[in-house]
Amino acid sequence: MTELPSGAAPPIVEAIGISKRYGPTIALADARLTVLPGESHALVGRNGAGKSTLVGILTGLRASDTGEVRFSGEPAPLISDREGWRQRVACVYQHSTIIPDLTVAENLFINRQPTERGFISWSTLRRKARELLDRWNVAVPEDMRAGDLRVEARQLVEIARALSYGARFIILDEPTAQLDGEEIKRLFVRIRELQAAGVTFLFISHHLQEVYEICQTVTVLRDARHIVTAPVADLPKDRLIEAMTGENVHLGVADAAGRVRDENAPVALTVEKLAGDDFADVSFTIRRGEVVGLSGSTSSGRVGVAEAIAGLGRFSAGAVRIGDKPLPSGDVPAALALGVGCVPKSRHKEGLVLSMPIADNTMMTVSHKLGPFGFIPPAKRSTLAHEAIRSLGVVTQGPDQLVSGLSGGNQQKVVMGRALANAPSVLVLMDPTAGVDVKSKEALLGVVERMRQEGKAILVVSSEVEDLRTCDRVLVMRHGSIVAEHKAGWTDNALVASIEGIEAQ
Amino acid sequence: ESGKVAVDLTTLTSPFWTSYNKYIIEEAKAQGVELLEPFNSEFDTAKQITGVQNALALGAKGIIFSPFESAAAGNVLKAAEKAGAKVVAVDVAPDNGPVAIVVRANNVAYGEKACKFIGDNVKEGAVLQIMGDQASINGRDRGNGFRDCVTKNYPNLKQLEVPTKAWSGEDAAAGLDAILNSNPDLKAIYMHAGGVFLAPTLQTLKRKGLLKPAGEAGHIIIVSNDGIPQEFDAIRKGEIDATVSQPADLYAKYGIMYLKQAMEGKTFAPGPTDHDSNIVEVRPGVLEDQLAAPLVTKENVDDKSFWGNQL
Amino acid sequence: MSTTPSTASPASPAIRNRSAVAMAGRIRDLALLPALIVLIVVGALVSPAFLTQANITTILTSCAALAMVVLAESLIIITGKFDLSLESTAGFAPAIGALIVLPVASNGFGLELPTIVGLLVVLAIGAIIGFINGFLIVRLQLNAFIVTLAMLIILRGMLVGATKGRTLFDLPDAFYALMIVTFLGIPLAVWLAALAFLIAGIVLKYHRLGRALYAIGGNPEAARAAGIRVERVIWGVYILGGVLAAVGGLFITGYVGAISANQGNGMIFTVFAAAVIGGISLDGGKGTMFGALTGVLLLGVVQNLLTLAQVPSFWIQAIYGTIILGALMVARLTSGAPQT
Amino acid sequence: MSTTPSTASPASPAIRNRSAVAMAGRIRDLALLPALIVLIVVGALVSPAFLTQANITTILTSCAALAMVVLAESLIIITGKFDLSLESTAGFAPAIGALIVLPVASNGFGLELPTIVGLLVVLAIGAIIGFINGFLIVRLQLNAFIVTLAMLIILRGMLVGATKGRTLFDLPDAFYALMIVTFLGIPLAVWLAALAFLIAGIVLKYHRLGRALYAIGGNPEAARAAGIRVERVIWGVYILGGVLAAVGGLFITGYVGAISANQGNGMIFTVFAAAVIGGISLDGGKGTMFGALTGVLLLGVVQNLLTLAQVPSFWIQAIYGTIILGALMVARLTSGAPQT
Ligand SMILES: Nc1ncnc2c1ncn2[C@@H]1O[C@H](COP(=O)(O)OP(=O)(O)OP(=O)(O)O)[C@@H](O)[C@H]1O
Ligand SMILES: Nc1ncnc2c1ncn2[C@@H]1O[C@H](COP(=O)(O)OP(=O)(O)OP(=O)(O)O)[C@@H](O)[C@H]1O
Ligand SMILES: O[C@H]1[C@H](O)[C@H](O)OC[C@H]1O
Ligand SMILES: [Mg+2]
Ligand SMILES: [Mg+2]
């Protein structure tokens with residue numbers, strides 16, 4: 001695709017004819033990728049297209065079945081030569097590569113701790129770690145246990161670490177999926193700086209506007225194959241989506257602004273003077289058929305509130321009522337019984353049992369209702385699971401596939417399926433579309449819209465503008481309290497400014 | 001003034017050893033010996049040594065111990081000697097001194113007695129040993145005594161063996177059960193330790209419908225070893241035919257007696273004793289009072305002199 | 001939304017043959033079958049007695065107690081926990097039941113309670129031990145490995161203490177009944193073990209409680225978020241495990257015809273071996289009752305075979321270990337998946 | 001906060017008191033100290049002999065072998081793996097070393113090789129066993145628990161087979177030297193164990209290799225991504241573990257003065273108990289050598305104390321278990337963290 005001007009430097013990485021199978025699954029089929037020095041190159045594709053697999057191959061973590069990888073014209077090092085790979089490419093993988101029981105500082109310098117006469121100098125290590133964290137504005141103590149980091153901080157630590165390797169080529173696999181707006185901005189500033197200093201990026205994201213924002217070239221994978229590589233300028237959004245999906249589709253989520261709502265619908269969820277670990281005195285109500293957004297930056301307390309409503313977290317004061325029934329603190333079964341469905345913040349932590357099939361995961365919240373005496377009739381199980389797979393568009397081999405074998409976006413759909421299975425009257429969705437591809441995201445938000453029309457009350461907890469677009473109003477939290485409310489029809493700028501605490505005028 | 005005495009127990013979970021433990025306590029009282037709490041070394045030589053060390057720290061001046069293995073006694077003896085304590089070994093002879101005297105019976109002879117009894121009653125066919133732990137000297141001696149005797153004297157007998165780990169009754173039951181499938185016409189069994197193998201053996205035979213009292217057709221000749229009361233009962237009922245009475249009472253009685261004398265400075269010499277046995281110098285410097293371990297059969301099972309009849 | 005979300009289109013390369021998927025799930029459970037079949041063939045060649053009905057009964061009978069304890073342990077492992085104390089429960093529970101029934105003359109406590117009370121107490125003791133383990137692990141959040149190891153040592157010790165090391169003979173017949181009474185020539189204990197495995201298998205596969213065990217073992221946080229009462233279920237599984245182990249202990253008593261003060265000692269290694277080679281993952285959340293059962297049978301067949309083959313007793317252990325390792329390798333080769 | 005990006009503001013909830021954070025890391029290692037101190041005080045009250053120099057030497061000497069094997073096991077557990085076979089290595093390796101040195105008359109093979117060869121072979125056997133375990137686990141990706149359990153059974157069996165169950169005695173003095181030769185009144189073995197713990201402690205804390213063990217135990221994928229040669233390190237740790245266990249076996253030999261065919265049997269439970277109550281997490285990636293050492297000492301002190309206190313022998317085990325459980329609870333209370 002990309003024409004090499006004669007005499008130009010060779011591609012910083014070139015992968016040709018890459019194929020990879022996982023058992024019967026073809027993750028990559030004769031895929032190729034060429035990244036030129038100095039550019040920021042986007043890699044996009046739907047969930048399960050093979051992006052992460054390609055990343056694994058480009059960083060030497062897994063061997064491809066066929067094909068060849070070259071760095072600056074040289075053949076790639078042997079798989080066993082980790083040092084060789086590390087000099088050529090650094091990476092933030094999609095799955096966490098934090099070692100939970102080590103400190104943040106050590107995680108930053110794992111296997112390259114500064115030594116004096118062969119022994120690690122912990123003081124130097126801490127100092128260097130502090131420097132690195134400060135350069136990144138990562139507000140965590142360097143001697144904190146890394147496993148205690150919040151997802152966002154963990155992601156930032158990983159990014160800081162990848163950048164600190166000093167490699168001239170850096171791969172970021174969905175770095176923004178867990179970050180809030182402010183953090184993303186900071187990341188982009190940094191990427192541009194590094195790019196100006198000659199560093200090359202391969203950037204994976206399901207937020208296509210980010211691709212346009214910082215990338216010059218884009219490569220599209222679809223169904224394990226290479227589809228196109230072109231300058232971003234040549235591929236406007238609809239054509240990019242067409243390349244990703246193979247269909248000419250019009251995407252667009254129903255904006256809540258034009259909606260007609262029954263202002264007098266009964267109140268479904270009441271939150272009254274709720275207080276907990278990182279929030280206090282939070283009050284709001286949601287009526288049936290209403291979608292309310294709860295936004296704010298990472299540590300604003302929005303997740304704490306949402307988890308308290310879903311029974312996942314405890315509250316110390318105040319009350320939550322579903323209809324007119326009070327919800328006990330920290331009691332998921334009670335919340336479920338009262339009709340609260342929930343997509344938790346972290347799908348890996350609370351959302352999924354990776355070692356179990358899709359069917360079991362989706363049915364986990366309702367397993368007591370399926371058959372006599374708690375038995376789960378196989379036919380019912382199968383019907384329900386197929387239904388969930390169909391309605392949410394999960395790309396899978398079938399209900400009996402283990403969730404661990406799904407791509408990240410498809411895993412997210414299963415979490416949504418689990419929340420919906422209970423036929424909830426109140427839905428609490430935390431970052432419901434994290435890591436979900438554009439088209440699937442639409443499908444998920446479409447589900448939200450359908451639930452709304454059925455008269456559910458929906459709380460969308462997110463800092464993503466696109467998720468909040470479906471909301472009738474957005475509550476913004478800061479430092480544990482609600483500080484603003486935006487009716488549908490807000491401008492992006494106003495909302496973002498409010499989230500970040502810059503009172504836009 | 002005599003000083004305290006420590007007693008080492010090989011295990012606390014075999015009826016033979018629990019009886020021995022009981023006798024030790026009784027004899028100590030009877031003979032006026034101040035006893036420390038006996039310690040259980042659970043078939044483990046290292047535990048035995050730690051136990052002896054601890055006893056010495058408590059000021060023990062005499063030790064009665066039953067090495068799991070002859071060869072493994074050396075460090076116990078050295079530690080005791082260093083602390084000026086006298087030692088009497090019971091049940092197993094240490095390979096070398098210094099030991100005041102050894103009180104035991106000949107375990108090879110146990111196997112031979114069983115072999116003779118079976119050989120005299122069974123002309124041909126399969127005979128089975130249910131073996132003690134082969135990592136213990138008593139298990140090995142009994143096995144070799146029986147095996148060599150059969151090979152030499154009764155070549156018409158086909159020898160079979162069931163091994164057990166740590167004298168496990170379950171191993172005995174499972175092994176016997178299997179052997180009865182491949183050799184349904186089994187003629188005789190020698191159990192190395194009735195204390196642990198009696199119940200599983202009888203239970204297995206009962207389950208397979210093969211427990212025929214002596215005299216009935218199909219009766220399997222069974223010789224046991226240890227001499228606990230349950231074995232005597234089984235002999236009376238005709239369920240088994242004989243057992244070797246390993247003298248738990250005399251082990252305790254003479255163990256305490258010799259130790260008391262040794263602590264008073266007495267030394268011993270080879271020759272006959274006043275209780276129907278001989279002191280023999282089995283190795284240079286190692287004297288052994290070889291107590292009798294009589295074979296108990298239907299004829300003499302009610303003899304009150306057996307310890308198994310006194311409990 | 002203009003277009004339907006991309007459902008599993010048959011053209012997608014990510015789609016596999018459905019039955020292949022189902023197979024993959026099964027393989028872990030079936031991994032031991034080839035090794036088991038090889039052993040059975042070898043057995044038939046080595047000894048004509050091996051495949052007789054009597055010998056098959058022998059194998060099943062000798063495995064019954066192990067099977068019960070393996071069942072208990074498997075449930076606990078699937079839930080992501082550990083219980084080492086099951087082996088001592090298998091000794092302690094029947095012993096206490098017997099002690100309260102036996103007269104002083106037979107080394108009992110002299111309470112001479114009715115036999116049925118004794119038997120119920122056996123089960124109750126199992127439940128109580130499981131309850132205490134559960135309390136310490138779930139409530140006090142102590143480490144399961146050490147709690148149950150300490151419990152193992154305590155119970156072993158209490159058994160020795162309560163019996164003064166003496167073996168309990170002359171128990172009421174009811175204590176032996178499970179092994180003595182047969183149906184179709186096979187002891188009740190075997191039927192009971194089979195039934196227990198069947199029920200456990202069905203519940204694990206088709207009942208929400210069973211699925212909850214897998215969910216908890218796979219990801220307790222996610223299970224909690226899905227409304228499963230994780231602590232309560234774990235606690236319950238420990239109690240059930242204790243009861244099953246107590247029943248296993250009654251099987252041993254019936255098998256051996258007495259209760260020695262070291263009944264059950266050393267059994268837990270074999271229990272873990274059977275469960276794990278049967279495909280129960282120590283990480284939790286994985287494995288089936290069928291797999292665990294093949295693990296039990298494999299060990300039972302090997303033991304039986306080694307006796308029938310009259311392997312020299314000095315080498316029998318070494319060969320036993322080698323066969324286990326061999327079976328593990330065969331399972332690895334046939335399943336193709338790394339073992340966890 | 002107006003516009004500045006959220007830099008490390010002291011108000012941020014993510015920030016904790018730094019020294020508190022550092023403490024939290026330590027607590028796990030120190031958790032056993034209170035229990036240990038209580039025991040020592042109790043010991044001093046119960047028996048005047050307890051705090052004598054002789055008795056302290058007794059405790060240390062009796063713990064030395066356990067300490068070596070616990071060290072080996074801790075390294076392996078930190079790496080996220082398992083080794084049950086260490087106890088049999090502690091028996092097998094010295095036995096083979098002795099067998100090739102001893103004449104036939106002393107139950108040896110009759111090769112009568114020089115003593116130094118025998119001692120080197122002891123270490124080599126340890127290394128080879130570790131190598132084979134590593135091969136099966138790392139290369140063939142077999143389950144570590146079962147591989148090492150099978151290895152345990154095989155080695156136990158081979159030891160009985162090779163010695164025909166007999167005890168090996170009359171070994172060259174060098175086999176006993178570590179326990180016989182003393183320095184400042186304390187056997188070399190104790191010094192060696194202390195040195196080994198010290199080195200291991202330093203390497204684990206201050207060397208990249210040591211940190212690699214934690215990284216691998218914590219998240220092998222991440223460790224691999226960071227350039228750690230995960231397989232090679234795990235394999236190496238198994239080999240080292242084998243060698244350490246072999247040395248531990250030599251300690252036992254020196255302590256006992258002979259090698260019996262069941263040297264080491266049953267030890268592995270105690271090894272795990274010491275490591276885990278010492279704060280080594282079975283999940284891998286957690287724990288320190290200091291913690292493991294306190295675990296060893298705790299068990300040694302309890303054993304010694306129970307004897308000195310003249311606890312009735314029938315109840316000694318039960319009390320032993322209860323004290324372990326008590327220590328665990330004290331550790332839980334003082335550290336305040338759930339145990340893993
Ligand atoms: N280790 C694995 N074992 C089996 N299948 C795998 C494995 N890794 C990936 N796959 C499969 O390969 C395909 C490609 O997965 P990959 O993770 O590369 O997708 P992706 O493009 O990164 O998706 P997403 O956008 O959701 O992160 C998927 O069908 C996935 O299920
Ligand atoms: N069948 C499988 N077996 C093992 N690993 C798999 C399998 N399928 C996918 N994976 C791994 O897990 C990942 C699939 O999920 P993905 O990477 O999309 O994570 P994710 O859910 O997006 O992570 P995060 O929540 O942190 O964004 C792949 O990168 C792949 O390496
Ligand atoms: O040495 C053995 C003892 O003589 C008795 O027979 O019980 C089993 C073993 O302890
Ligand atoms: Mg991906
Ligand atoms: Mg993803």
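Refer to the structure printed above.
All of the points below concern the structure found in this document. Values in this document were obtained by computation on a predicted structure and should not be read as measured data.

The rules behind the values
- Residues numbered from 1 in each chain as written.
- Chains lettered and ligands numbered in written order.
- Predicted model: local features only at pLDDT ≥ 70, side-chain atom pairs only at ≥ 80, totals over all residues.
- Heavy atoms only, no water.
- Contact = heavy atoms within 4.5 Å.
- Buried area = accessible area lost by both parts, 1.4 Å probe.
- Salt bridge = Lys/Arg side-chain N within 4 Å of Asp/Glu carboxyl O.
- Polar contact = N/O pair within 3.5 Å; in protein donor to acceptor, adjacent residues only side chain to side chain.
- Helix = DSSP H or I, 4+ residues; strand = E, 2+ residues; numbered from the N terminus.
- Pairing = 2+ DSSP bridges.
- Axes fitted to C-alpha atoms, helices over the stretch in contact; angles between N-to-C directions.
- Parallel < 35°, antiparallel > 145°, perpendicular 65-115°, else oblique.
- Left-handed = near helix turned anticlockwise from the far one by under 90°.
- Expected span 1.5 Å × (residues − 1).
- Buried < 20%, exposed > 50% of the residue type's maximum accessible area, 1.4 Å probe, protein only.

Points about the interface of chain D and chain B
Now for step 1: With 29 residues of chain D at the contact, the number on the chain B side is 26 residues.
Now for step 2: The contact between chain D and chain B buries some 2,300 Å² in all, and 57% of this surface belongs to carbon and sulfur atoms.
Now for step 3: Counting across the chain D and chain B interface gives 0 salt bridges.
Now for step 4: Between the two partners, chain D and chain B, sit 7 residue pairs in polar contact (both at pLDDT 80 or more).
Now for step 5: Broken down by secondary-structure element, the contributors of at least two residues to the side of chain D that touches chain B are α3 (53-78), α11 (230-256) and α13 (289-308) of chain D.

Focus on the sheet that holds strand β11 (residues 217-222) of chain A
Strand pairing in a sheet takes place through backbone hydrogen bonds and is either antiparallel or parallel in direction.
All names here are of chain A.
Now for step 1: Pairing is mixed across the open sheet formed by 6 strands, whose spatial order is β6-β9-β10-β3-β11-β12. Each edge of the open sheet is held by one strand with a lone partner, namely β6 (90-92) and β12 (225-231). Each adjacent strand pair in this sheet contributes to an overall mean axis angle of 15 degrees, direction not counted.
Now for step 2: In the packing of helix α5 (residues 151-164) onto the sheet, contacts are made with β6, β9 (169-173) and β10 (200-204), and the angle to β6 comes to roughly 175 degrees.
Now for step 3: In the packing of helix α8 (residues 237-245) onto the sheet, contacts are made with β3 (40-45), β11 and β12, and the angle to β11 comes to roughly 30 degrees.

With respect to the packing of helix α6 (residues 144-163) of chain C against helix α12 (residues 267-277) of chain D
Now for step 1: Across the interface, α6(C) lies against α12(D) with an axial gap of 10 Å and an inter-helix angle of 135 degrees. Taken together, the axes of α6(C) and α12(D) lie oblique to each other. Where α6(C) crosses over α12(D), the handedness of that crossing is left-handed. Here Phe145(C), Ile146(C), Leu149(C), Leu152(C) and Arg156(C) of α6(C) come into contact with α12(D), specifically with Phe269(D), Phe272(D), Ala273(D), Val276(D) and Ile277(D).

Here we look at α5(A)
Helical geometry note: an α-helix holds 3.6 residues per turn, so side chains three or four residues apart project in the same direction.
All names here are of chain A.
Now for step 1: The end-to-end C-alpha distance of α5 is 20 Å, a good match for the 20 Å that 14 residues give at a rise of 1.5 Å each.
Now for step 2: Counting buried residues along α5, 12 of its 14 residues qualify, which places the element largely inside the surrounding structure.
Now for step 3: Those residues of α5 that are buried are in contact with β6, α3 (104-108), α4 (122-135), β9, α6 (181-196) and β10.
Now for step 4: Of the residues trailing α5, Gly166 is marked for its positive phi of about 80 degrees.

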